[in-house]
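# Breakdown of the fold
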Amino acid sequence: MIIQVSSHRRSGTHALIDFIRNNFSVQGDFFHLEDILDWPLDRLREYPLIVKTHEPEQDKKLNIFIKQKRVTEEKAQDIKNLTTDVHAYRNPRDVLKSL
């Protein structure tokens, strides 16, 4: 299982990642999508892992990787099927205050 944590910058991404890590058993800290492209599917299914992104739509990144031939369409579809999205939202005024 892949838990994709997405948010806009300065919106509590790391706080959400820490919450998930402290309350659930997951692999390591967190990864970026490009880090896991070469992993075998068995490893992606073995333990939940966190993928961090500021891109709200995973499809966009995967399509870029397909065009660059970094991943096959079949593997990209497998990654999509294994992914659960969690989006952190923070009031934009508060984001501006934290810059």
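Residues numbered from 1 in each chain as written. Predicted model: local features only at pLDDT ≥ 70, side-chain atom pairs only at ≥ 80, totals over all residues. Heavy atoms only, no water.

## Some remarks on the overall build of the protein
Selection rule: Segments assigned H or I by DSSP are reported as helices when at least four residues long, segments assigned E as strands when at least two residues long, and all are numbered from the N terminus. Relative accessibility thresholds used throughout: buried, under 20% of the residue-type maximum; exposed, over 50%; partly exposed, between the two (1.4 Å probe, protein chains only). Throughout, a residue-residue contact means that at least one pair of heavy atoms, one from each residue, lies within 4.5 Å. Exposure was quantified through the Shrake-Rupley algorithm and a 1.4 Å probe, taking into account, for residues, occlusion by the shown protein chains and nothing else.
Along its length, the protein carries 6 helices and 4 strands. Reading the protein from its N terminus to its C terminus gives the helix and strand order β-α-β-α-α-β-α-α-β-α. Classification of the 99 residues of the protein by burial places 35% in the buried group. Within the protein, contacts between residues separated by at least 24 positions form 65% of all contacts whose residues are at least 6 apart in sequence. Split by element, the accessible area of the protein, about 6500 Å² in all, is 49% carbon and sulfur.

## A look at the nonpolar core
We count it as follows: Residues enter a nonpolar core if they are buried and are Ala, Val, Leu, Ile, Met, Phe, Trp, Tyr or Cys, with the set joined through side-chain atoms within 4.5 Å.
Core analysis: the largest hydrophobic core is formed by 15 residues, its most contacted members being Ile 2, Leu 33, Ile 36, Leu 44, Leu 49 and Ile 79. For this core, the secondary structure elements donating two or more residues are helix H2 (33–36), strand E3 (49–53), helix H4 (58–67) and helix H5 (73–82). For this core, the element with the highest residue contribution is H5, accounting for 3 residues. With near-sequence residues (within four places) excluded, Leu 49 lies in contact with Met 1, Ile 2, Ile 3, Gln 27, Phe 31, Ile 36, Trp 39 and Leu 44. Core analysis: the next-biggest nonpolar cluster, separate from the first, contains 8 residues, Val 5, Ile 20, Val 26 and Ala 88 among them.

## What to know about the side chain of Lys 52
The line we're drawing: His is not counted, nor are the chain ends, whereas Lys and Arg count as positive and Asp and Glu as negative. By definition here, a salt bridge exists when the distance from a side-chain nitrogen of Lys or Arg to a carboxyl oxygen of Asp or Glu is within 4 Å.
The topology assignment puts Lys 52 in strand E3. Here Lys 52 occupies a buried position and makes no salt bridge, while the nearest side chain of opposite charge, Asp 29, is found at 9.2 Å. Among all residues touching Lys 52, those that are not within four sequence positions of it are Val 5, Thr 13, His 14, Ile 17, Phe 30, Phe 31 and His 32.

## A word on the environment of Leu 82
As for its position among the elements, Leu 82 is in helix H5. C-alpha of Leu 82 to C-alpha of Ile 3: the two residues are 79 residues apart in sequence and 8.5 Å apart in space. The residues touching Leu 82, leaving out its near neighbours within four places in the chain, are Met 1, Ile 2, Leu 41, Leu 44 and Arg 45.

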